Amino acid sequence: MRDSLRKLEHDILQCQRCPRLLSWCARVAREKRRAYRDWDYWGRPVPGFGDPEARVYILGLAPGAHGANRTGRVFTGDSSGDWLYRALWETGFANQPESTRRGDGLALSGAWIGASVRCAPPANRPLPEEFARCREYVARELALLKSVRVVVALGRLAHDNFFVLRGLPRNAFPFSHGAVHEAGCLILLDSYHPSRQNTQTGRLTREMLRAVFHHARRLVQ
């Protein structure tokens, strides 16, 4: 399985399917943000990360332009990642509460993090065809992570992408924070995405996000 996961990571890193996204990732990596002028940006597709024996799979939207597109690891280096990894640490899925860069000692236990789209999109908005081209990578991850029983969808777009992937009608499974959906051999658990739009407005609190992962742990137990 680990060899297959490495092959999947290689395929993601070499992916050339979405010229618009590749161009945007490279542009952001060249121009950078002032606070990160000294960084050597990743600037390419971002693979998944976590425990190969995971029972919980976390499905996000896409890498942040100055987060994962800078650091090379999903949900690493931006405020969304700060919220997610603290919640994972507080619920026993991570060994530390922060994720700042690859090689910072972070390890996940019982969880794996993927993304619906593996390249940072302009304005954080992937196009429908970009979701479609990238869906194979989510399918391959889920097929290889044979212990996964619960998928946590971060946001409505990840929720919708999961049901399209499973060939199920999205309208039959309405998105709602904390909602639980049976999807064959998998259970989908919904959460608001820990974006600034949700966390700074109070739509998502740390307690709400932590409760989602406590619930995920109960479901797999």
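This structure is a prediction, so every number in the text was calculated from the model and none was measured.

I keep staring at the layout of surface pockets and nothing clicks. Help me out?
To locate leftover empty space, one rolls a probe as large as a water molecule over the atoms. Quantified by volume, the largest pocket comes out at close to 1000 Å³. If you trace the largest pocket, you find 38 residues lining it, with Leu61, Ser80, Asn124, His193 and Ser195 closest to the centre. By residue class, the composition of the lining of the largest pocket is 18 nonpolar, 14 polar and 6 charged. The space that makes up the second largest pocket amounts to roughly 410 Å³. Counting residues per element, the lining of the second largest pocket draws most heavily on helix H1 (residues 2-13), at 6 residues. Counted by class, the lining of the second largest pocket contains 10 nonpolar, 3 polar and 7 charged residues.

What exactly am I supposed to notice about the packing of helix H5 (residues 128-144) against helix H6 (residues 156-165) here?
Helix-helix packing: each pair is described by the crossing angle between the helix axes and the interaxial distance. Between H5 and H6, the shortest axis-to-axis distance is 10 Å and the interhelical angle comes to 75°. One element, H5, and the other, H6, form an angle in the roughly perpendicular class. Contacts between H5 and H6 involve Phe131, Arg135, Val138, Ala139 and Leu142 on the former and, on the latter, Leu157, Asn161, Val164 and Leu165. Split into classes, the residues belonging to the contact of H5 with H6 amount to 7 nonpolar, 1 polar and 1 charged.

I keep staring at the pattern of salt bridges and nothing clicks. Help me out?
Applying the stated criterion across every chain yields a total of 11 salt bridges. Between Asp104 and Arg73 there is a salt bridge, and its shortest N-O distance comes to 2.9 Å. One end of the pair, Asp104, is in the loop between helix H4 (79-90) and strand E3 (111-115); the other, Arg73, is in the loop between helix H3 (68-71) and H4, and 31 residues separate them in sequence. Glu136 serves as the salt-bridge partner of Arg140, at 3.2 Å between the closest nitrogen and oxygen. Pair noted here: Arg140 and Glu136 are both in helix H5, with a separation of 4 residues, about one helical turn. Salt bridges here are not isolated pairs; linked through shared partners, they connect Lys7, Asp11, Arg17, Glu136 and Arg140.

Calculation criteria
Position labels on residues start from 1 in each chain and follow its written sequence. Only residues with pLDDT of at least 70 get local features here, since the model is predicted, and only at 80 or more are side-chain atom pairs given and counted; chain-wide, interface and lining totals rely on the full set of residues. Note: side-chain values were computed over all heavy atoms of the structure, leaving out hydrogens and water. Definitions used for this entry: grid spacing 1 Å over protein atoms alone; cavity, a set of points where a 1.4 Å probe fits but cannot get out; pocket, an open set with protein on both sides within 12 Å along at least 5 of 7 lines; lining residue, one with an atom within 4 Å of a point. Grid points are joined across faces, edges and corners, and a volume is the space filled by probe spheres set on the points. Each residue is assigned to one class: nonpolar for Ala, Val, Leu, Ile, Met, Phe, Trp, Tyr, Cys and Pro, charged for Asp, Glu, Lys and Arg, and polar for all the others, Gly among them. The numbering of helices and of strands both runs from the N terminus, where a helix is a DSSP run of H or I of at least 4 residues and a strand a run of E of at least 2. Axis definition: a line fitted to C-alpha atoms, limited for helices to the stretch in contact. Angles are taken between N-to-C directions and run from 0 to 180 degrees. The labels follow the angle: roughly parallel below 35 degrees, roughly antiparallel above 145, roughly perpendicular from 65 to 115, and oblique for the rest. Contact criterion: two residues are considered in contact whenever any of their non-hydrogen atoms come within 4.5 Å of each other. One speaks of a salt bridge when a side-chain nitrogen belonging to Lys or Arg is within 4 Å of a carboxyl oxygen belonging to Asp or Glu.

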